[in-house]
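# Fold and contact review
Chain by chain, the residues run as shown.
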Amino acid sequence: MNKQWPSTKMREPILVSACLLGLPTRYDGKAKRSQAVIDYLQRENLLPIPVCPEQLAGMSTPREKTFFHSGDGHAVLVGHGKVISVHGQSMNEVFCLGAKLTLQIARLSHCDRVLFKERSPSCGVHQMYRGDECVHGVGVTTALLNSNGFEVISEEDL
Ligand code: SF4
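Presented here is a report on the structure given in the accompanying data block. (Residues numbered from 1 in each chain as written. Predicted model: local features only at pLDDT ≥ 70, side-chain atom pairs only at ≥ 80, totals over all residues. Heavy atoms only, no water.)

### A word on the overall build of the protein
- Check the secondary structure of the protein and you find 5 helices and 8 strands.
- Reading the protein from its N terminus to its C terminus gives the helix and strand order β-α-β-α-β-α-β-α-β-β-β-α-β.
- On C-alpha atoms alone, the protein measures out to a radius of gyration of 15 Å, which is about the 15 Å that the 2.2 N^0.38 rule sets for 158 residues.
- Carbon and sulfur atoms make up 51% of the accessible area of the protein, which amounts to about 8,000 Å² in all.
- Here the protein holds 17 positive side-chain charges and 16 negative ones, and the gap between their average locations is 4 Å. (Helix = DSSP H or I, 4+ residues; strand = E, 2+ residues; numbered from the N terminus. Rg over C-alpha atoms; globule rule 2.2 N^0.38 Å. Areas by Shrake-Rupley, 256 points an atom, 1.4 Å probe, with all protein chains shown as cover. Lys, Arg positive; Asp, Glu negative; His and termini not counted. Charge placed at Lys NZ, Arg CZ, Asp CG, Glu CD.)

### Things to note about the environment of P62
- Tracing the sequence through the fold places P62 in the loop between α2 (53-56) and β3 (66-70).
- A C-alpha to C-alpha distance of 22 Å links P62 and T142, two positions 80 residues apart in sequence.
- In contact with P62, other than residues within four places in its own chain, are Y27, D28 and G29. (Contact = heavy atoms within 4.5 Å.)

### Structural notes on the layout of surface pockets
- Of the volumes computed, that of the largest pocket is approximately 560 Å³.
- Looking at the lining of the largest pocket, the elements with two or more residues in it are α2, β3 and β6 (127-130).
- Top element by residues in the lining of the largest pocket is β3. It accounts for 3 residues. (1 Å grid on protein atoms, 1.4 Å probe; cavity = no way out; pocket = protein on both sides within 12 Å on 5 of 7 lines; lining within 4 Å. Points joined across faces, edges and corners; volume = space filled by probe spheres on them.)

### Considering helix α5 (residues 140-147)
- For α5, a buried count of 6 out of 8 residues is recorded, marking the element as mostly surrounded by other parts of the structure.
- Of the positions making up α5, those classed as buried are V140, T141, T142, A143, L144 and L145.
- Directly after α5, the chain includes G149, whose backbone phi takes a positive value near 90 degrees. (Buried < 20%, exposed > 50% of the residue type's maximum accessible area, 1.4 Å probe, protein only.)

### Re unusual backbone geometry
- With an omega of -5 degrees, the peptide bond between T61 and P62 qualifies as cis.
- The phi torsion at N45 lies on the positive side, around 55 degrees, for a residue other than glycine.
- Along the chain, the position of N45 falls in the loop between α1 (35-43) and β2 (46-51).
- The backbone phi angle of R119 is positive, close to 75 degrees, even though this residue is not glycine.

### With respect to the site of the ligand
- Around the ligand sit 14 residues in total, of which C19, T25, C52, E54 and C123 are the nearest.
- Put simply, the ligand lies in the largest pocket.
- Looking at the shell around the ligand residue by residue, the class counts come to 6 nonpolar, 4 polar and 4 charged. (Near = heavy atom within 4 Å. Sits in = over half its atoms within 2 Å of the grid points. Nonpolar A, V, L, I, M, F, W, Y, C, P; charged D, E, K, R; others polar.)

### Details of the nonpolar core
- If you look at the biggest cluster of nonpolar residues, it comprises 25 residues, and the most contacted ones within it are L15, V83, V114, F116, V140 and L145.
- Counting residues per element, the ones that place at least two in this core are β2, α4 (92-108), β5 (113-116) and α5.
- The residues contacting V114, other than those within four sequence positions of it, are I14, L15, L145, F150, E151, V152 and I153.
- Listed in part, the 11 residues of the second largest apolar core include V16, V37, I38 and L46. (Core = buried A, V, L, I, M, F, W, Y, C linked by side-chain atoms within 4.5 Å.)

### Description of the sheet that holds β2
- Strand order in the open sheet formed by 4 strands is β2-β1-β5-β8, with parallel pairing between adjacent strands. Every interior strand has two partners, whereas the edge strands, β2 and β8 (151-154), have only one. Strand-to-strand, the axes of this sheet are offset by a mean angle of 30 degrees, without reference to chain direction.
- α1 contacts β1 (12-17), β2, β5 and β8 of the sheet and is inclined by roughly 170 degrees relative to β1. (Pairing = 2+ DSSP bridges. Axes fitted to C-alpha atoms, helices over the stretch in contact; angles between N-to-C directions.)

### Things to note about the packing of α4 against α5
- In the contact formed by α4 and α5, the axes pass within 8 Å of each other and the chain directions differ by 45 degrees. When the interaxial angle is binned, α4 and α5 end up oblique. Like other packed secondary-structure pairs, α4 and α5 cross with a definite hand, here right-handed. On α5, the residues touching F95, C96, G98, A99, K100, T102, L103 and A106 of α4 are V140, T141, L144 and L145.
- Classifying every residue of the contact of α4 with α5 by side-chain character gives 8 nonpolar, 3 polar and 1 charged. (Parallel < 35°, antiparallel > 145°, perpendicular 65-115°, else oblique. Left-handed = near helix turned anticlockwise from the far one by under 90°.)

Listed below in structure tokens is the structure:
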């Protein structure tokens with residue numbers, strides 16, 4: 001984690017799922033703007049750094065829906081879990097790339113905190129979908145950030 005802030009006048013940066021800020025980055029080409037997130041950022045005087053791990057990895061928008069076939073984000077990172085598209089194609093490689101690039105942005109922008117969209121296969125913090133079932137677990141990017149010491153907050157925990 002990075003603590004090198006030169007001036008207290010600067011707003012602390014926080015990495016935020018782009019769709020929560022109103023950017024149309026979701027698989028269906030839509031946004032998921034959250035007023036609770038906007039209010040939180042203003043209240044805490046935070047500077048949002050928008051990221052979409054799936055777009056960073058080169059996925060198109062709109063794109064096929066994806067979900068876990070087995071495991072969760074931590075399992076995917078160690079090669080035991082699987083994220084697939086609705087047509088059954090393995091998405092592990094592209095999801096791991098999106099996670100790595102997001103980690104790079106977190107470091108480059110000196111973010112200590114992260115605020116992510118719940119239940120996404122990339123950004124989920126407490127829950128994600130395994131097939132049609134919503135289960136406990138984390139997304140692939142959340143898992144990588146967690147294992148590198150970043151605190152990831154769910155939009156639903158504000
Ligand atoms: S990957 Fe994350 S930021 Fe991108 S659309 Fe899905 S939830 Fe939003």
